[in-house]
Amino acid sequence: MPKILIPTPLRQFADKRDTVEVSGATVGEALAALTTAHPDMKKNLFNDEGKLRSFVNVYLNDEDIRFLEKDKTAVGAGDTISIVPSIAGGR
Amino acid sequence: MIKIEQEAWDLMVAHARKTYPNECCGAMLGPIDGGTKTVRVALPLENAYPGAQRERYELRPEDLLYAEREARKNGMDLIGIFHSHPDCDAYFSKTDLENSCPWYSFVVLSIQKGQFHHANSWLPNMEQTEAAQEELEHPNA
Ligand SMILES: [Zn+2]
């Protein structure tokens, strides 16, 4: 099963675990499995329309899924999905 | 509250002074114990903003992925992000808010005429509409 690495501030919504194994053949299915198992995770990752929030990037191993096949990107047993924030700013 | 240890703090201030008059940015790692976050390690990261870096910064997600991995490797947590405001105060600007992530503390260092002046820490909300000020302890306070 693919693994999802949980950023520290979100572990409180995942039984304090830093890694969650989920089923799913695509990144979208894996994230859906995560938020089904841990519903409080959902509002942190997705907006009301069910889209990933603007500050959330998802990586499959070392690749941003936006440059792969987005939520349709295939995942396998040895794969690691990371949730990476998107951060910028100014003055 | 967030506490920044001496070594991490020195690195953050040095990074901010070195990049002056441009904005700097980086990640802060350390343990979280109840309500207290302790910054033990600062990771200066490259400002990847393609335009005028005197007024903007941008972190590459790849660099944040690296920061997250470094934290895990060392049994720590990624707890915050820092950036500098050259020649202006350490407020949380509209641009900061609109490009923030509610999971982290955002430490802003005001650098005036190339020297450290003051710093504040901010906690933006999920909707990116406001940021609460967080109690900040650092060696130059
Ligand atoms: Zn700023």
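Shown above is the structure to which this text applies.
Below you will find a few notes about this structure. (Residues numbered from 1 in each chain as written. Chains lettered and ligands numbered in written order. Predicted model: local features only at pLDDT ≥ 70, side-chain atom pairs only at ≥ 80, totals over all residues. Heavy atoms only, no water.)

### Details of unusual backbone geometry
The bulk of non-glycine residues show a negative phi, and the bulk of peptide bonds are trans.
Thought 1: In this structure, B:Pro21 follows B:Tyr20 across a cis peptide bond, with omega equal to 5°.
Thought 2: Structurally, B:Pro21 can be placed in the loop between helix H1 (6–19) and strand E2 (25–30).
Thought 3: In this structure, A:Lys70 is a non-glycine residue whose phi angle is positive, near 50°.
Thought 4: Mapped onto the secondary structure, A:Lys70 falls in the loop between strand E4 (63–64) and strand E5 (80–85).
Thought 5: Phi is positive for B:Lys113, close to 50°, though the residue is something other than glycine.
Thought 6: Locating B:Lys113 in the fold gives a position in the loop between strand E8 (105–112) and strand E9 (115–124). (Helix = DSSP H or I, 4+ residues; strand = E, 2+ residues; numbered from the N terminus.)

### Considerations on the sheet that holds strand E1 (residues 2–4) of chain B
All names here are of chain B.
Thought 1: What the four strands build is an open sheet, ordered E3-E4-E1-E11; its pairing is mixed. The two strands at the open ends of the sheet, each matched to only one other strand, are strand E3 (32–33) and strand E11 (136–137).
Thought 2: Alignment of E1 against E11, held across two bridges, turns out to be parallel. Residue pairing in the sheet places Ile-2 in a bridge with Leu-136 of E11. (Pairing = 2+ DSSP bridges.)

### Looking at the pairing of strand E10 (residues 131–134) of chain B
All names here are of chain B.
Thought 1: Taken together, the four bridges between E9 and E10 define a ladder with antiparallel strand orientation. From the neighbouring strand, Trp-122 faces E10, where its bridge partner is Gln-133.
Thought 2: Between the antiparallel neighbours E9 and E10 lie six residues, among them Gln-128 with a positive phi of about 60°.

### Some points on the interface of chain A and chain B
Thought 1: On the chain B side, the residues contacting the 30 residues of chain A number 35 residues.
Thought 2: It is A:Phe55, A:Ile87 and A:Arg91 in chain A that bury the most area against chain B; as a group they hold 30% of the surface buried on that side.
Thought 3: B:Arg69 is the partner of A:Asp62 in a salt bridge, and the nearest nitrogen-oxygen pair spans 2.8 Å.
Thought 4: Those elements that place two or more of their residues in the side of chain A that touches chain B are helix H2 (42–45), strand E3 (56–60), E5 and strand E6 (88–90) of chain A.
Thought 5: Grouping the constituent residues of the side of chain A that touches chain B by class yields 14 nonpolar, ten polar and six charged.
Thought 6: In terms of strand pairing, E6(A) meets strand E6 (residues 56–58) of chain B through three bridges, oriented antiparallel. Within E6(B), the position partnered with A:Gly89 by the bridge is B:Tyr57. (Contact = heavy atoms within 4.5 Å. Buried area = accessible area lost by both parts, 1.4 Å probe. Salt bridge = Lys/Arg side-chain N within 4 Å of Asp/Glu carboxyl O. Nonpolar A, V, L, I, M, F, W, Y, C, P; charged D, E, K, R; others polar.)

### Points about a negative patch on the surface
Thought 1: Together, A:Asp48, A:Glu49, B:Glu127 and B:Glu130 give the surface a local cluster of negative charge.
Thought 2: Summarising the element assignment, B:Glu130 is placed in the loop between E9 and E10.
Thought 3: Overall, the relative accessible area of 54% leaves B:Glu130 in the exposed class. (Patch = residues over 30% accessible without salt bridge, like charges linked within 9 Å, V, L, I, M, F, W, Y side chains within 5 Å. Areas by Shrake-Rupley, 256 points an atom, 1.4 Å probe, with all protein chains shown as cover. Lys, Arg positive; Asp, Glu negative; His and termini not counted. Charge placed at Lys NZ, Arg CZ, Asp CG, Glu CD. Buried < 20%, exposed > 50% of the residue type's maximum accessible area, 1.4 Å probe, protein only.)

### Focus on the pairing of E5(A)
All names here are of chain A.
Thought 1: Most of E5 sits inside the fold, with six of its six residues counted as buried.
Thought 2: The two faces of E5 match: Thr-80, Ser-82 and Val-84 on one face and Ile-81, Ile-83 and Pro-85 on the other face are all buried.
Thought 3: Pairing of strand E1 (residues 3–5) with E5 involves three bridges; the strand directions are parallel. Within E5, the position partnered with Lys-3 by the bridge is Thr-80.
Thought 4: Pairing geometry for E3 and E5, over five bridges, is antiparallel. The residue bridging Leu-60 from the neighbouring strand is Ile-81, located in E5.

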